Amino acid sequence: MTPSGATARAWRRDLHRHPEVGFTEFRTASLVAARLAELGWEVTAGHAALDSAARLGVPDDDVLARAYDRAGADGGDARWLEALRGGHTGVVATLRGAAPGPTVALRADIDALPIHESNDPTHVPARDGHRSRYDGAMHACGHDGHVGMAVELAERLGAAPPPAGTVRLVFQPAEEGGRGAAAMVPAGVVDDVDVLLAAHLGIGLASGTVAASVDGLLANTKLRATFHGRSAHAAMAPHEGRSALLAAAAAVLAVHAVAPFPGHETRTAVGAVHGGTSSNIVPDRAEMLLETRADDGEVNAEIEARVRRALEGAAATYDATVTVERIGAVTTARADEAAADVVRRAAAATGLEVVVPTAELGVASDDATALMRRVQTRGGVATYLAIGSDLPGAHHTSTFDLDEAVLGPGVDLLEHAVRAALTGSPRRPAGPGRAAP
Ligand SMILES: [Zn+2]
Ligand SMILES: [Zn+2]
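The notes below deal with the structure included here. In this text, all values refer to a predicted model and were calculated from it rather than measured experimentally.

A word on the environment of His396
Next up, step 1: Its location among the elements puts His396 in the loop between strand E12 (381–387) and helix H12 (407–424).
Next up, step 2: Classification of His396 by relative accessible area gives partly exposed; the value is 39%.
Next up, step 3: Note: C-alpha distance between His396 and Ile115 (281 residues apart in sequence) is 7.6 Å.
Next up, step 4: A polar side-chain atom of His396 sits 3.2 Å from a polar atom in the side chain of Glu176.

This is the structure we're talking about:
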């Protein structure tokens, strides 16, 4: 028998070497689908696992095609790749017990980030040979560990299936940017789920600890603003030009100057600006990527409205125009006590220390909230839990790394929680039930 955590670590390292950003997870998803089918799970992938039209922020066709080809050339599983073509990189696996019973689901997000990984010899993946082989992409949030733990969980459950009930593993693409969950909800992948667990490694908790629920995840909106101006010779006819880049530059300051809301956690941020082609041409086009966040959906909507006015005002100042496209959106959700309690009891059984997350953890977002809300509106219960991991570098930085020693205990925790939820069925008593979606 392989030691606890060995499969999770091997998968984690392989995926860490081959990080794929949102909707390009062709290699990752094909390998997961192939392995779970091999383990006896019913597997669906591609259009059956997500609603194509409901995806937000899908990369351009040529980006998707290049990533697809790379996956084929780099060990992706040819039996599953075709189903994923075009950025349909969701995978759903189901294991049914002999007798009927509740359905318990685990969400694992699978995407990497557009970050260039550190090559410093003190960075463990660089030192030990599992640093990213894809320049400009990196598993800098720990989703490689999420997939690794879910695959090991699938092995264990496949080898000793629960006597009753159904287990579902939801491998979700494009969590970063809040783009993938919204596409899996309309595909119905959690519609019959009684208990949903969404787990994240790290997020400020020490190795050996678990938070049974993390409330206060922020709602957010990701926008792409494209400024349109008019090009002109920068010296001979600057007065005939309309600088899209100047408009964008003014907009950066205006977006960051949107007022905070007392009593709420709020954020605005511009993360990228690109524009212009040469020093002697008034730039006629500039593109900006930005986001808003708040701990309340309505406050976030108000901040988004103010940000949009700021973009339009800056454009008008320079006689330019702006088009704004929503490329990601994440809502808020609250954990159900019944689901959190399953995690607390599983932590006690596996020797992990249960901690209550501090307010600082609430400043992130995760689109698992869309799946949680879907489960909750159909009468099930859900929680977003955190499995602690000491981190040498923060999430979303080039020196991020997981403490791999937490992977085995993490799988133990998830296995206990899933098996307990199958027998305990902590379905919310006052829920509207499945008849009222
Ligand atoms: Zn992240
Ligand atoms: Zn993450």
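Description of the sheet that holds strand E4 (residues 164–172)
Next up, step 1: Across the sheet, which stays open at both edges, the eight strands sit in the order E1-E2-E4-E3-E5-E12-E6-E11 with mixed pairing between neighbours. Looking along the sheet, the strands with just one partner apiece sit at the ends: strand E1 (42–45) and strand E11 (353–354).
Next up, step 2: Pairing of strand E5 (residues 195–201) with E12, which is carried by seven bridges, proceeds in the parallel orientation. Bridge pairing in E12 places Ala198 opposite Tyr384.
Next up, step 3: Contacting strand E2 (91–96), strand E3 (99–109), E4, E5 and E12, helix H6 (residues 143–159) runs over the sheet at an angle of about 155° to E3.

Side note on the sheet that holds strand E7 (residues 219–228)
Next up, step 1: Read from one edge to the other, the open sheet built from four strands follows the order E8-E9-E7-E10, with strand pairing classed as antiparallel. Looking at strand neighbours, the two that pair on one side only are strand E8 (266–275) and strand E10 (321–330), the edges of this open sheet. The average undirected angle you get between the axes of adjacent strands in this sheet is 20°.
Next up, step 2: Pairing analysis gives nine bridges linking E7 to E10, with the strands arranged antiparallel. Bridging from a neighbouring strand, Leu223 pairs with Arg326 of E10.
Next up, step 3: Its contacts with the sheet place helix H8 (residues 244–256) against E7, E8 and strand E9 (285–294), and it is angled at close to 165° to E8.
Next up, step 4: Packed onto the sheet, helix H9 (residues 297–317) meets E7, E8, E9 and E10 and runs at close to 155° relative to E9.

Describing the coordination of the zinc ion (ligand 1)
Next up, step 1: Coordination of the zinc ion (ligand 1) by the protein is provided by Cys141 (SG), Glu176 (OE), Glu176 (OE) and His396 (NE2), with metal-donor distances spanning 2.1 to 2.8 Å.
Next up, step 2: Each donor residue of the zinc ion (ligand 1) belongs to the same chain, and together they define the spacing C-x34-E-x219-H.
Next up, step 3: In this model, the zinc ion (ligand 1) sits 3.1 Å from the zinc ion (ligand 2), the two metals being bridged by Cys141. Taken together, the positions of Cys141 in the loop between helix H5 (124–128) and H6 and Glu176 in the loop between E4 and helix H7 (181–184) put the pair 35 residues apart, joining distant regions of the chain.
Next up, step 4: On the basis of relative accessible area, Glu176 is assigned to the buried category, the value being 11%.

Re the nonpolar core
Proteins that are soluble and globular tend to have nonpolar side chains buried together.
Next up, step 1: Counting 70 residues, the largest nonpolar core has Leu36, Trp41 and Phe171 as the members making the most contacts within it.
Next up, step 2: If we skip the residues at most four places from it in the chain, Trp41 touches Leu36, Ala93, Thr94, Leu95, Ala154, Leu157, Gly158, Val167 and Leu169.
Next up, step 3: Listed in part, the 28 residues of the second largest apolar core include Val92, Ala105, Val170 and Ile203.

What counts as what
- Residues numbered from 1 in each chain as written.
- Chains lettered and ligands numbered in written order.
- Predicted model: local features only at pLDDT ≥ 70, side-chain atom pairs only at ≥ 80, totals over all residues.
- Heavy atoms only, no water.
- Helix = DSSP H or I, 4+ residues; strand = E, 2+ residues; numbered from the N terminus.
- Buried < 20%, exposed > 50% of the residue type's maximum accessible area, 1.4 Å probe, protein only.
- Polar contact = N/O pair within 3.5 Å; in protein donor to acceptor, adjacent residues only side chain to side chain.
- Pairing = 2+ DSSP bridges.
- Contact = heavy atoms within 4.5 Å.
- Axes fitted to C-alpha atoms, helices over the stretch in contact; angles between N-to-C directions.
- Donors = N, O, S within 2.8 Å, 3.2 Å for Na, K, Ca; no water.
- Core = buried A, V, L, I, M, F, W, Y, C linked by side-chain atoms within 4.5 Å.

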